[in-house]
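The chain contents come next:
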Amino acid sequence: MCGIIGYVGFLDAKKTLIDGLQTLEYRGYDSAGISFFTDDGIQTLKTIGKVSALRDLVQANENNAPSTCGIGHTRWATHGGVSTRNAHPHTAGKVTLIHNGIIENYQELQKELEEKGKKPVSQTDSEIAAMVIDDCYRGNPEEAIRLAADKLTGSYGFCIMFEDIPETIFALRCGSPLVAAHTKNGSIIASDMVALVNHTNHYFVLKEKHIAVISKDEIIVKDEYGDIYGPTIHHISWDVGAAKKGGYDHFMMKEIHEQPDSLRNTITPRFIGGMPDFSADQVSDELFENVNRVVITACGSAMHAGLIGRNMIERLARIPVSVDIASEFRYQNPIIDKQTLVITISQSGETADTIAALRLAKSKGAKTLSVVNVKGSSVARESDYVLYTHAGPEISVCSTKAYTVQVAVMYLIAFRLAYVSGQISEEETKTYMHHLVGVAEQVEETLGFDSQVANIAKRIAGAGSIFFIGRGLDHALSCEGSLKLKEISYIHSEAYAAGELKHGTISLITDNVPVIALATQPDVYAKVISNVQEVRSRGAKIILITDRNASVDPSLCDHQIVLPETSPLFTPFVSAVVLQYLAYYVSVEKGLNVDQPRNLAKSVTVE
């Protein structure tokens, strides 16, 4: 949840750390701090608020000693309120530590430490971790870290400095991500690649329970047995410009506009001879043979991509599909076996509940296929097979391009699975692929709808509640539209299958309550219009989204958005852009922080 970074080398450590934290701020922005080695030992500076406040504090510090080694943290609060005392880094004895994750048994550990006369000064689980490591320290840092790790339950990515071991950082992870690189200017480690791209385009992922010893000259990695090994080096295929706003007011708007390229980058390499082809991903048709059930598990927007995937797989492959929220899946003793294909979807590949769901599926003998955006991530490494999306870095907390490329991969899976199972012919498969390849251009056209949607947003930004309705694919998409809106506008919003209105929901419809109605599917269009008439007669303000072939009575809605010409099965791609715009402009109209909505972090690496 938090952003962490460590640097040791030949550059100004404080500037390097703060610049890195600025790129990581989307992971947490409640408070920020750095600790760094000086001739007088380790110095720590931290403050509540954003990284810019930390930068000001460092610049104003009278004892601004030079440093070439330090660690930094930007916090998303879990344990303990937002305060300077609870901000990272935390120091206990000779140990100074930053932490991303949650220590689940910190209360038991705190009691054990208090029995030894050791009491924390903060309310955080992270300080307890620092205290445990210090309590285990007898001069051998790696031994202390391993002894402490045996006592800790939960998830963590640690960067640790020992007061008596200057110019060295130690790192350990369990569940929470850490990536690292050695460059001509020194060594750097962080919770996300965006903090590395200013320094290098090569990195490695630190494996769980492995210790990295980081100095200016090298990074030594040791496995759980203490043996040194050479980690697998990955290549960052996007440059630093991809992690900056590029002239847009917000990352979210930049990422909305990157969707055509992201879709092309994801679809085109798998479009071979007119067919969906996963051979370059080393995913053979054997994976799809003898599958009698598909389970999709994910969280948030990724789960909503799974809802569309379910619709497409069941429609074309005629195989039953269930979509489970990962946090529920892992606790409900799911019925899966060797003929079940479990698909996990995660942008970061480090979502804690999704990782746990994947491990559960594997323990039950299911085939596992993951849809992930980050190479070398935990989900990618632990899956039997991986299909990478090629969205590039997504900085805004509100997912846009990562969601649409996940949807694109679900379409590719549906087509291949239906073809392999004999439910659709090669000719039919090629027709579907032709439409899928064309969605990037249609999304590009939809990007021109911004001013129209912005005008509508002004008229609904003052609403206390907003409802989304649709059927079939439109209902699956309305779930995502509703999530987008509420997470960055703070307006109460819910999505309903339009046919459910009469089963209680319609009681919530009163004068001028906005209802976003998606009616893009010809087979249920008349039904949706009947539902629109029901809420219209009760005073709702209707924003109707239709395709070009729909015949609409102008009195039926307050605003109509007519999508570019698209095959009905592929409208989710263009509808998604409209709903992303709507959420964005409502948030802007309300003067809110679009990229960093309150209480949210980009990557949920804890339960």
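Conventions and cut-offs
Residues numbered from 1 in each chain as written. Predicted model: local features only at pLDDT ≥ 70, side-chain atom pairs only at ≥ 80, totals over all residues. Heavy atoms only, no water. Helix = DSSP H or I, 4+ residues; strand = E, 2+ residues; numbered from the N terminus. Rg over C-alpha atoms; globule rule 2.2 N^0.38 Å. Buried < 20%, exposed > 50% of the residue type's maximum accessible area, 1.4 Å probe, protein only. Contact = heavy atoms within 4.5 Å. Areas by Shrake-Rupley, 256 points an atom, 1.4 Å probe, with all protein chains shown as cover. Lys, Arg positive; Asp, Glu negative; His and termini not counted. Charge placed at Lys NZ, Arg CZ, Asp CG, Glu CD. Pairing = 2+ DSSP bridges. Axes fitted to C-alpha atoms, helices over the stretch in contact; angles between N-to-C directions. Expected span 1.5 Å × (residues − 1). Polar contact = N/O pair within 3.5 Å; in protein donor to acceptor, adjacent residues only side chain to side chain. Phe/Tyr/Trp six-rings, centres within 6.5 Å; stacked < 30°, edge-to-face > 60°. Lys NZ or Arg CZ within 6 Å of the ring centre and 35° of its normal. Arc of directions from axis to C-beta.

A look at the overall build of the protein chain
- Of the regular secondary structure elements, the protein chain holds 17 helices and 26 strands.
- Compactness check: the protein chain gives a C-alpha radius of gyration of 25 Å against a globular reference of 25 Å for 607 residues, within 12% of the reference.
- When its C-alpha atoms are laid out on the principal axes, the protein chain stretches across 75 × 55 × 45 Å.
- Each of the 607 residues in the protein chain was classed as buried or not, and the buried ones make up 61%.
- Here the contacts in the protein chain between residues at least 6 apart in sequence split such that 72% fall between residues at least 24 apart.
- For the protein chain, the exposed area adds up to about 23000 Å²; of that, 47% sits on carbon and sulfur atoms.
- Averaging the coordinates of the 56 positive side-chain charges in the protein chain and doing the same for the 71 negative ones gives two points 2 Å apart.

Comments concerning the sheet that holds strand 11 (residues 202-205)
- An order of 3-2-4-1-10-9-11-14 is seen for the eight strands of this open sheet, with the pairing classed as antiparallel. Edge positions in the open sheet fall to strand 3 (41-48) and strand 14 (234-235), since each of these has one partner strand only.
- Sheet topology note: the strand 1 (residues 3-9)/strand 4 (residues 69-75) ladder contains six bridges and is antiparallel. Residue pairing for strand 4: Tyr7 is matched across the bridge by Gly70.
- Against the sheet, helix 1 (residues 13-24) contacts strand 1, strand 2 (31-38), strand 4 and strand 10 (186-190), and its axis sits at roughly 155° relative to strand 1.
- Packing against the sheet, helix 2 (residues 51-60) makes contact with strand 2, strand 3 and strand 4, and its axis sits at approximately 135° to strand 3.

Brief notes about helix 1
- Relative to the 16 Å expected for twelve residues at 1.5 Å per residue, helix 1 spans 16 Å between its end C-alpha atoms, a close match to the ideal helical length.
- Within the sequence span of helix 1, burial applies to Ala13, Lys14, Thr16, Leu17, Ile18, Gly20, Leu21 and Leu24.
- Buried positions along helix 1 lie against strand 1, strand 2, helix 2, strand 4 and strand 10.
- One side-chain oxygen of the residue at the start of helix 1 lies 3.1 Å from the amide nitrogen of Lys14, identifying that residue as Asp12.

Details of the packing of aromatic side chains
- Scanning all chains against the criterion turns up twelve aromatic pairs.
- Between Tyr137 and Phe162, the ring centres sit 4.7 Å apart and the planes meet at 45°, which makes this aromatic pair tilted. Of the two residues, Tyr137 sits in the loop between helix 4 (125-136) and helix 5 (141-151) while Phe162 sits in strand 7 (residues 154-162), which places them 25 residues apart along the sequence. The two residues Tyr137 and Phe162 agree in class, both being buried.
- Seen from their ring centres, Tyr411 and Phe570 are 5.4 Å apart, and the 40° between their planes marks the pair as tilted. Taken together, the positions of Tyr411 in helix 12 (residues 401-420) and Phe570 in the loop between strand 26 (559-562) and helix 17 (571-589) put the pair 159 residues apart, joining distant regions of the chain. Per residue, the accessibility class of Tyr411 equals that of Phe570, and both read buried.
- What links up through ring pairs into an aromatic cluster is the set Tyr411, Phe415, Tyr432, Phe570 and Phe573.
- When the ring centre of Tyr490 is taken as origin, the NZ or CZ atom of Arg598, which lies over that ring, is 3.9 Å away.

Some thoughts on helix 14 (residues 450-460)
- Within the sequence span of helix 14, burial applies to Val453, Ala454, Ile456, Ala457 and Ile460. All buried residues of helix 14 fall inside an arc of 165° around its axis, so they share one side.
- Close packing links the buried residues of helix 14 with strand 22 (465-470), strand 24 (514-519), strand 25 (541-546), strand 26 and helix 17.

Focus on the side chain of Ser377
- Positionally, Ser377 belongs in the loop between strand 20 (367-372) and helix 11 (378-382).
- Here the side chain of Ser377 touches Val374 through a polar contact of 2.8 Å, landing on its backbone oxygen.
- With near-sequence residues (within four places) excluded, Ser377 lies in contact with Ser348, Gly349, Glu350 and Val372.

Let's talk about unusual backbone geometry
- The residue after His88, namely Pro89, is reached through a cis peptide bond having omega 0°.
- Locating Pro89 in the fold gives a position in the loop between strand 4 and strand 5 (90-92).
- Positive phi is not limited to glycine here, since Asn290 has a value of about 60°.
- Its location among the elements puts Asn290 in the loop between strand 16 (275-276) and strand 17 (293-298).
- A residue is classified by how much of its surface remains accessible, and Asn290, at 63% relative accessible area, is exposed.
- The backbone of Asn512 shows a phi angle near 70°, a positive value even though the residue is not glycine.
- Exposure remark for Asn512: the relative accessible area of 54% places this residue in the exposed category.

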